[in-house]
Every structure is written in structure tokens, then in C-alpha cells.
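Close look at the chain arrangement
Below are the chains, spelled out letter by letter.
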2 protein chains.
Amino acid sequence: MGVPPLTLTEQAQMAMMLEVCAVTKPGNVDRGHDYPDTWLEHFLASSLFCRPAFERAEQKKGTIGELIREATLLTGRHRGGNTHFGAFILLVPLIMGRGIEGACQHIRETTIEDAILFYDAFAHTAVRVHDSDELDINDPAVADKLRARGMTLFDVMVHSAPMDMVAREWTNSFHLTRKTADLLKEDGRGREAVSSVFLWLLAEEPDTFIAKKFGSERAGRVRDQAIQVLAGQISHTEFDEYCIRESINPGSLADIMIAGLFVALTEGWEWDL
Amino acid sequence: MGVPPLTLTEQAQMAMMLEVCAVTKPGNVDRGHDYPDTWLEHFLASSLFCRPAFERAEQKKGTIGELIREATLLTGRHRGGNTHFGAFILLVPLIMGRGIEGACQHIRETTIEDAILFYDAFAHTAVRVHDSDELDINDPAVADKLRARGMTLFDVMVHSAPMDMVAREWTNSFHLTRKTADLLKEDGRGREAVSSVFLWLLAEEPDTFIAKKFGSERAGRVRDQAIQVLAGQISHTEFDEYCIRESINPGSLADIMIAGLFVALTEGWEWDL
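Residues numbered from 1 in each chain as written. Chains lettered and ligands numbered in written order. Predicted model: local features only at pLDDT ≥ 70, side-chain atom pairs only at ≥ 80, totals over all residues. Heavy atoms only, no water.

1. A few points about the overall build of chain A
Looking only at helices and strands, chain A has 16 helices and zero strands in total. For chain A, the C-alpha radius of gyration of 18 Å lies close to 19 Å, the compact-globule estimate for 273 residues. Its C-alpha atoms put chain A at 55 × 50 × 35 Å along the principal axes. For chain A, restricting intrachain contacts to residue pairs at least 6 apart in sequence, the fraction spanning at least 24 positions comes to 72%. The distance from the centre of the 27 positive side-chain charges to the centre of the 41 negative ones in chain A is 2 Å. (Helix = DSSP H or I, 4+ residues; strand = E, 2+ residues; numbered from the N terminus. Rg over C-alpha atoms; globule rule 2.2 N^0.38 Å. Contact = heavy atoms within 4.5 Å. Lys, Arg positive; Asp, Glu negative; His and termini not counted. Charge placed at Lys NZ, Arg CZ, Asp CG, Glu CD.)

2. A closer look at the environment of A:Leu91
Residue and element names in this part refer to chain A. Residue position: Leu91 is located in helix 5 (residues 85-96). According to the relative accessible area criterion, Leu91 is buried, its value standing at 0%. Placed 165 residues apart in sequence, Leu91 and Ile256 show a C-alpha to C-alpha distance of 9.4 Å. The residues touching Leu91, leaving out its near neighbours within four places in the chain, are Ala12, Met16, Phe54, Ile258, Ala259 and Phe262. (Buried < 20%, exposed > 50% of the residue type's maximum accessible area, 1.4 Å probe, protein only.)

3. Focus: the packing of aromatic side chains
Applying the stated criterion across every chain, the model contains 14 aromatic pairs over all chains. Geometrically, the ring pair formed by A:Trp271 and B:Trp39 is edge-to-face, given 6.2 Å between the ring centres and 70° between the ring planes. Residue A:Trp271 is located in the segment after helix 16 (251-266), and its partner B:Trp39 is located in the loop between helix 1 (8-21) and helix 2 (40-49); the two belong to separate chains. By relative accessible area, which is 6% here, A:Trp271 ends up buried. Judged by centre distance (5.4 Å) and plane angle (35°), the ring pair of B:Phe85 and B:Phe118 falls under tilted. Here B:Phe118 lies in helix 7 (residues 112-123) and B:Phe85 lies in helix 5 (residues 85-96), a separation of 33 residues in the sequence. For B:Phe85, a relative accessible area of 4% puts it in the buried group. By relative accessible area, which is 6% here, B:Phe118 ends up buried. The structure contains a cluster of three or more aromatic residues connected by ring pairs, namely A:Phe85, A:Phe118, A:Tyr119 and A:Phe122. (Phe/Tyr/Trp six-rings, centres within 6.5 Å; stacked < 30°, edge-to-face > 60°.)

4. Focus on helix 2 of chain B
Most of helix 2 of chain B sits inside the fold, with 10 of its 10 residues counted as buried. Among all positions of helix 2 of chain B, only B:Leu40, B:Glu41, B:His42, B:Phe43, B:Leu44, B:Ala45, B:Ser46, B:Ser47, B:Leu48 and B:Phe49 are buried. Looking at the buried side of helix 2 of chain B, the elements it contacts are helix 1 (8-21) and helix 2 (40-49) of chain A together with helix 1, helix 3 (51-58) and helix 4 (64-75) of chain B.

5. As for the relation of the copies chain B and chain A
The operation relating chain B to chain A is a screw motion whose rotation component is 180°, with 0.0 Å of axial translation and a residual RMSD of 0.0 Å. Overall, the copies show the geometry of a two-fold rotation axis. Relative to the rotation axis, the closest C-alpha in chain B is found at B:Arg31, a distance of 2.6 Å. Of the interface residues in chain B, 100% have counterparts in chain A that sit at the interface too, so the contact is made through matching surfaces. (Least-squares fit on C-alpha atoms with pLDDT ≥ 70 in both.)

6. Observations concerning the environment of A:Val197
Residue and element names in this part refer to chain A. On the secondary structure map, Val197 appears in helix 12 (residues 192-204). Separated by 63 residues in sequence, Val197 and Gly260 have C-alpha atoms that sit 9.8 Å apart. Aside from chain neighbours lying at most four places away, what touches Val197 is Thr180, Leu183, Leu184 and Met257.

Limitation: the analysis is restricted to geometry and does not speak to function.
In C-alpha cells:
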């Protein structure tokens, strides 16, 4: 048997694994820190469980809405709640499109059915929804509303982009995903680069998951702390402790980190130098 | 889409993941401790990379020798060296046999060709071989010797059993694997049980990987320390620090732990209570 190169599916699973194992990672689950109900093992179980959905994306068997929903349901086979919903929003089109350029094409071809499936997947996660969101996932009439407005999944992301940085990646050619992959490749240190690049992401834009949970002022404060770490004014560890103390987890930036890791891996970035 | 139950392949991958993430685990790689050249991420990458070999075992496509070799080559796609060679010796027949009883049947049906493939796989790992082992894996004539002696892979394990506790599992109906699975199920705490059961294993029999590397006296001392932890005479952490200081890793018991976790998972043991 010759040894085959890693498939796109395996590279996406590796991206999920490398993200969650990185240290130090302010606020989020990592090697040194579980949440009470969501552990390192849940994130790693998700990276194993989602595989069939990624494989179908790689074979282009299924639509983006179907496959985001499938990945979400498959990872629901543990008790750790939502771990990667945002990551799947980015990884499914990136796998299907074999990178950013192809993904940009696929997301523009999404349909109203994709939007309905996406909301159904959303309803299976424990993701907090902004109170003022008029497309309430708990509203059984959401499918009717999407149909009446003729909203595709791409339209949903455009609608969500101002308040959700994962959705925003769909609307700006995966801007932060691209930048994350480039920084990983430029760094040249392999896995050691992950937490440095994540710090850069934290300093670059306020995390919209934090903004939804705690308000935009808090998200801004977390960003300011990241800037202070980069400026050497506080330590990486102090920043981590602040986030843990306040139960602040920059979950959307972690999703973008995963997407960036995936793109970097597909472009030859090596993690274990 | 209905959500399918975990496949045997996924349960075997979960066993590998849960073993390496367990804390505190004296001497071995865990969440808090990498080796210089073999990291937590390498163990987790292996648990992703070996999947196609496990799937073929689940579908009974291939022989035990072929699939141990395939899993070993697939996990060679990182720079962390050998992580799970011993685990594959146990997992491949356990997956193929859907548990211990079936595994016992499959291993007795192995052939001389399986033995040759096994030695070829062995040659791809960085596993240290006992100097006095007359079947030297670096000996190109090993295939001829196996053929001349008519040794099947089962015969090789019988030959190795006195000095290798992983091989011994093949000869005694997976005795420690069975006991490990039973203890996990009896404990009832899910993942918290893993390090307790591992401590029991350490106290039960001296690790033959340590014996091969450092001699049987050292392996006995490690076992004595485990007994002292169980007796409350030293702490789990002190034991871990001793192993790390002395570069002692009970690798064969970790392989058996993985096999026990797999059997427990297939029998309904739940890890995330």
C-alpha cells in the first residue's frame, strides 16, 4: 500500500484538532482548561464525529445547507453542546470549493432550501441568538418567512454579517480566514504559531460571539486587552485569566482560526516542524 | 437525516482520544505534558489518520497483518514517530471481531503472511526492540525465517508474550483488556475513571515497554510506586513527576488502556456523564 496524502476531510479535522489544542488561548477551551459542561474531549469528539459530512462535501454530494446541518447533528452525539457550528459554516464551503476561491462560488449558489436547513441546524445547537434577531430560530414559521422573502443562505449571511463575523466571511471573500492562513504560513513555526496568530485575530476585530453574549462594549474591552498583550503591557496568561474569570470565550474568532488553519494546511503549511 | 450511532471505527478513534486526554497519567503524553518530539497533537493526529484501516477492519476487508501495517503507515504521516503500534495490535482484531470473543477467533486464523506484514509494519515504527530478540526486524531475512519456521502472526505473539504484555493479550483472551473495560464500567464516572483505572493497571502488572527500555527492575519499581499511590503513601502527581523526571513512559499499558476503552465503549460505557 502506498501512503495517500491527507484528504481535505482529514485536513479539516486536523484544523479543528490543532485549534483546540493550542496554548495559550484566552478564554476558550484548551489543553489546560475545560468549561464545566464542554471539555477538550467534546471538541475532539466533534472533530471525529463530523467526518461523514466533510467527506460528502469533499465529494460534492449534498448542498451547503444539508452538510452544515449534517455536521451539526453528527457532533450532537455527545453531551458537550455546540462546539463547532460556526466552524462548519466556513469549513463546508471551503472543503466543497477546495479553498477560498471555490468556496466563494459555491456560497453564491446557495438556495432558499439551504437557508431553511441552516436554520434547522441552528435550532439543534445551543448557540445563543440575539434577542432582536427577527429571524428567530425558535419560530416555526421561519421557513415560511424565508420563502416569502426569497432569502437564500447567502442572503441570510449578508443579513447577519453586520453582527456576526463568521457570516461576514461569506460576504468579504473570507477576509480574516485568508489573513489567518497567510500569517500561519509566514510565521514558519508550525503549531507554535497558532496562539500568536489567534492573538493577532483578537486584536484585529472584536469577537461578535462575545458581543452577542455580553454586548459590544465587552467585546471591545477583550480586543483592547489583546492589543495590550501585543504591546507587551500585560501577559498572555493574564489575558487568559481575565477571560476565564469573566467566562468570556471568543468563539467566533476560534471558528475563523479553524478555517484559517484549514486553508493553510491545504496550501502546504506544516504544523509539526 | 437520522443520526447514526457511532461506528466501531469511531469508537476505536474515541478510545485513542480519551486515553491520551486523560489526566493525571504517570509518564505518558497527556494534556499537560508533551515529549520533545512527540506531542499530544501527534497522538490525536494518529487517531484521525488511522481511520481508513479501522474502516477496512470493520468491513472485514483485509487481514489482520495487512491492517496493522496500514494503520501504522497511515499514522506515519506526521513527524511524531510511533504513537500507537501496540494499540493497533489490539484494536484491529477487536474491531474485526466486534469484541473480544470474535477477536480471539480472528487472531487464531492469522497466517505466515500476516506475520511478515507485521514485521514490515514494525520496521516502519521507532519502537525499540529488545537486543536479544532473535527475530530482528532489521534483518532482511526475517520473512525467510518466519516461513522456514512456519510461524503465523499468532505464533509470533505467543513467542513474544513472555516479554511483551500487548502480545500476551492475544494469548490469554485479552485478559487485561477485559478487566480494564469492566473496571471502567463499574466505576460509573465516565472520563474521570480513566486515570483511576490506568493506575490500577500500573499496579497490576509491570509495563513490558519500560522493562524493554530500562530493564525489569525499573519496571518493577514503577509498579511499586503505583501500588504506593493506591495505598495513599505517595500522590498521583508525585508518581507522575517521578516518571517524567526519569523519562519513563508505560507505553504498553497505555495500549491496553486504549483496547479496554474501546471494549467498554462498544458495551455501552459512557464517557461524558
